Amino acid sequence: MNKNLYQPINGEIVEIIDESPTIKSFVVVLNEKFSFKTGQFVELTLPGVGEAPFTPSSSPAETEKMDITIMKAGRVTDLLHKCKKGQKVGIRGPFGNGYPIGDFVGKQVYIVGGGVGLAPIRSLFLTLVDRIKDFKSVVCRFGAKTPDDFIYKKTLFGSWQKIAGVDMKLTVDKANGNWKDNVGVVTTIMKEKDVNIKNAVAIACGPPIMMKFATQKLLEFGFAPKDIYLSMEKNMSCGVGKCGHCMIGKYYVCKDGPVFSYEQIKKYTDIWD
Amino acid sequence: METVFISELKPLLNAVAEQMELYVPKKSGEYYVFIKYDPSSGKTAEFNNIRACTPIKEFLFPLCELAAVFPEPVEPEEIKPFAVFGLKDCDLKSIEALDKVFLEDEFRDSSYVARRENMFIISSDCFEPRQSCCCTLFGGQNYAESGFDLNIAQVKDGFVVEAGSDKGEKFLQEHKDIFVEVHSEAIMERDSIRKQTLRQLEENNAKYNLDGPVNEIMERGGDSEVFDIESQKCVECQACTRVCPTCHCFYLYDTKQKDYFSKMKMWDSCMRLAYAEVAGGANPRKVLGSRIKHRLMHKFSYFFDRYGINMCVGCGRCIDADAHKMDIRVVLKKLNEELKEKPKAKVAK
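On a predicted model such as this, the values are computed, not experimentally measured, just so you know.

Along its length, chain B carries twelve helices and eleven strands. Its C-alpha radius of gyration of 22 Å places chain B within 12% of the 20 Å reference for a compact globule of 349 residues. Overall, chain B is about 65 × 60 × 40 Å in size when its C-alpha atoms are taken along their principal axes. Expressed as a percentage of the 349 residues in chain B, the buried residues total 42%. Taking all contacts inside chain B whose residues are at least 6 apart in sequence as the whole, residues at least 24 apart take part in 75%.

Next comes the structure, spelled out in C-alpha cells:
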C-alpha cells in the first residue's frame, strides 16, 4: 500500500517555554522515529482544529524530541498558545529541502535574522556550531522589536556569544531597561567590514520586510544572488507540491524550498508580500 | 491494437457493466453530465457529441474526501474497478496532467493512485464541437490516439471500437461474441468524420491563433495590464477553477468527530482572495488581476516548465461556465497582439 501523504504521526507536547510575549516554544515527542534536515519544515496538527507549517528550531542531531517555536499569528497558532503540557498533536513531514550545509563548508556563514525568524536559524546555528571548525566563521546579526521580544534569551544573551568562531551582534528597534547593545533595525548592524565577501554565504530569515532590506544590503556588500539563502514563508499546506497554496512563480515553497537562493526567486515581484 | 465493430452500444455497455460500475453521459439541458449506467433499464446510453460539462477529475480527485483519520489510522476506502464512457481527447489529456501531479514518484497520492488504477477509460470521438471548444489551440484534437482503454467512434451503421491498452485488448478478447470484424469503409468513414470535425475546430478557433508557443507568450507577457483589465469582468465566482479538468488545488482541513479526528481534502481555488494568505495576513496576490495572471501562468508557463506539458487542454469548460464570458482565448490573443509591439527580450528562466 502507498504511504498516505496526509497521515500525521501522533505526538505530544511535553514542555512549553515562554519565549516572548507572543512566542512560545513547544517541545514535541513523537510516537515514531523522526528525523529532519535543518531548514526543512513540518506541518503541525492541532487535532480537530487545523495544521500549520513550522520549521523546527531544535538541532536535527536531537532525535528524541523536537522544538517548535511558534508566534501567535492566526487561528491555529492562537489555539496552540492556549495548549497545556500533555496536549496531543500530529506531525507531517519533514518537507522541503533545508539548508545546503555541505555548500557552506570552508566558508564564512553570515546569518541575518529577526523576530520569530530566529526559530529556523536556531536549528541552523546549532547544526553549524556542532561542527564549527568546518566553517571559516559564523557571523550572526539578529534583531527584535524590543529586548523582551528576543527569543531564546538565555542562550542568545549568554553561551552562544562565547562560542569560538561565532561573531554575534544583536539589535533592537526600541530599547528598554538595561539594553546596552545597538538600537536600530537589523541592517544597522550589518557592516561590510565584517564580511569576507570572497568566501561567504549569507542566510536571511525573518519578517518579509526585514528579509527584503537585508537582501538589498547583502547585495550591496557584493554577495552574488546565488549565495544568499532565504527561508521563505508562504501558505504551505499539503507539503508535497500539489495543493498550490504556497507557489512563488513556478516553485512550490513546500517542495522546492522553503530555502531558496535569491537567484532562484529574484524575478518574481511578489516574494516579499 | 485491435479494432472491431459493433452495430449498437448496448451490448458493449452491458458487457462493461457486468464487470464494474459504469458511468455514462446523459444530456441535461444543453450539456452532458455523467450518471451511473443501469443495464436493466432497457435504455442505452447517449453518445455524447462533445465532452461533458463536469470535469473528469471528479472521478479521480473527488470534490471532498477523507484524507486521514487519527490518532488511530484507518484502512483507506476500497476502490473497486469502475468505467467511464464518453471521455474525449481533452479529458484524457487532463488526466495526463493530473497524473503528473498526483503520481509524482516521491509523492504519490494514494487515493488518486487507487482510483486511477481502477478506472477503465472508454473514450469517444467528438463530432459536434461547441463554440467554446479550443483543444486544437493547445495541441489537442477531436479524437484520442492514446490514454484510453477503449475508444469508440460513431459511424453511420454503428461504432468502431479500438483498444488502446492491455486492459482494453483483454476486454475485446473476452467479448469476441458481441463484436464483428471492422470493414475498411467504416474506418474510412470514421477518419473522414475526424478530419471534418478537426477542420471545423480549426476554423472556429482561427481567430485565436497565436504567433508562437503559448508558454512563451505567457512568459513574455507576464507584466501586461491585460490581466487587470480582464479582471474587471470577473465576479470571482471561481467557476472556472471548479469546472476546469486540470485545476487541482485543494484545501486540507481538520474536523473533530465523536471518537476520532480527521483531515479532509477539498477542492480549492487559486481565484479565492485568501487562497495564498499566510497567518498574520500577508498575501502575495491580493489583487484579482494578479490571481488571474497566476492561474494562467501556472497553466501555460509554470506547469510546462516543470512537467513539459500545458495545464490547459482547451476543453472550453471555463468559457461556458464564466458568468461574464471571460474567454481564455481572448486573453491570450490580447497578450499576443501586445507582444507584437514589444521587442523579444531574453526570457529569464
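Don't stop here, the text continues.
This part takes up the interface of chain B and chain A. Between chain B and chain A, the contact holds 40 residues from the first and 37 residues from the second. When contributions to the side of chain B that touches chain A are tallied by element, the ones reaching two or more residues are strand S4 (64-70), helix H3 (89-102), helix H4 (110-117), strand S10 (250-256), strand S11 (261-267) and helix H10 (288-307) of chain B. If you tally residues by element for the side of chain B that touches chain A, the top one is S10 of chain B, at seven residues. Class assignment of the residues belonging to the side of chain B that touches chain A gives a composition of 24 nonpolar, five polar and eleven charged.

Quick look at the sheet that holds strand S2 (residues 23-30) of chain A now. Residues and elements named next belong to chain A. Pairing within the open sheet is antiparallel, and its six strands lie in the order S4-S3-S6-S1-S2-S5. At either margin of the open sheet sits one strand with a lone partner, and together these are strand S4 (50-54) and strand S5 (66-71). Strand-to-strand twist in this sheet, taken as the mean axis angle between neighbours without regard to direction, amounts to 40°. Pairing of strand S3 (residues 41-46) with S4, which is carried by five bridges, proceeds in the antiparallel orientation.

Residue and element names in this part refer to chain B. With domains assigned, chain B is organised as domain 1 (3-208) and domain 2 (214-341). Using C-alpha coordinates to define each centre, domain 1 is positioned 26 Å away from domain 2. Taken residue by residue, the interface counts 34 residues in domain 1 and 29 residues in domain 2. With nine residues, the top contributor of residues to the side of domain 1 that touches domain 2 is H3. Residues of the side of domain 1 that touches domain 2, tallied by class, amount to 21 nonpolar, four polar and nine charged.

Before going further, it helps to spend a moment on H3 of chain B. Residue and element names in this part refer to chain B. Helix length check: H3, at 14 residues, gives a terminal C-alpha distance of 20 Å against a target of 20 Å (1.5 Å per residue), a fit within 8%. Most of H3 is tucked away, with eleven of its 14 residues classed as buried. Taken together, the buried positions of H3 are Asp-89, Cys-90, Asp-91, Leu-92, Lys-93, Ser-94, Ile-95, Ala-97, Leu-98, Val-101 and Phe-102. Elements that come into contact with the buried residues of H3 comprise helix H2 (57-60), strand S5 (82-87), H4 and strand S6 (119-124).

Grouped together as the largest cluster of nonpolar side chains are 162 residues, with contacts concentrated most on Ile-111, Ala-202, Ile-203 and Ala-204 of chain A together with Val-84 and Ile-122 of chain B. Those residues within four positions of Ala-204 of chain A in sequence are excluded, and the remaining contacts are Val-112, Met-211, Ala-214, Thr-215, Ile-228 and Leu-230 of chain A.

What counts and how
- Residues numbered from 1 in each chain as written.
- Chains lettered and ligands numbered in written order.
- Predicted model: local features only at pLDDT ≥ 70, side-chain atom pairs only at ≥ 80, totals over all residues.
- Helix = DSSP H or I, 4+ residues; strand = E, 2+ residues; numbered from the N terminus.
- Rg over C-alpha atoms; globule rule 2.2 N^0.38 Å.
- Buried ≥ 20, exposed ≤ 12 C-beta atoms within 10 Å, placed from the backbone.
- Contact = placed C-beta atoms within 7 Å.
- Nonpolar A, V, L, I, M, F, W, Y, C, P; charged D, E, K, R; others polar.
- Pairing = 2+ DSSP bridges.
- Axes fitted to C-alpha atoms, helices over the stretch in contact; angles between N-to-C directions.
- Domains from an automatic or database assignment.
- Expected span 1.5 Å × (residues − 1).
- Core = buried A, V, L, I, M, F, W, Y, C linked by C-beta atoms within 7 Å.

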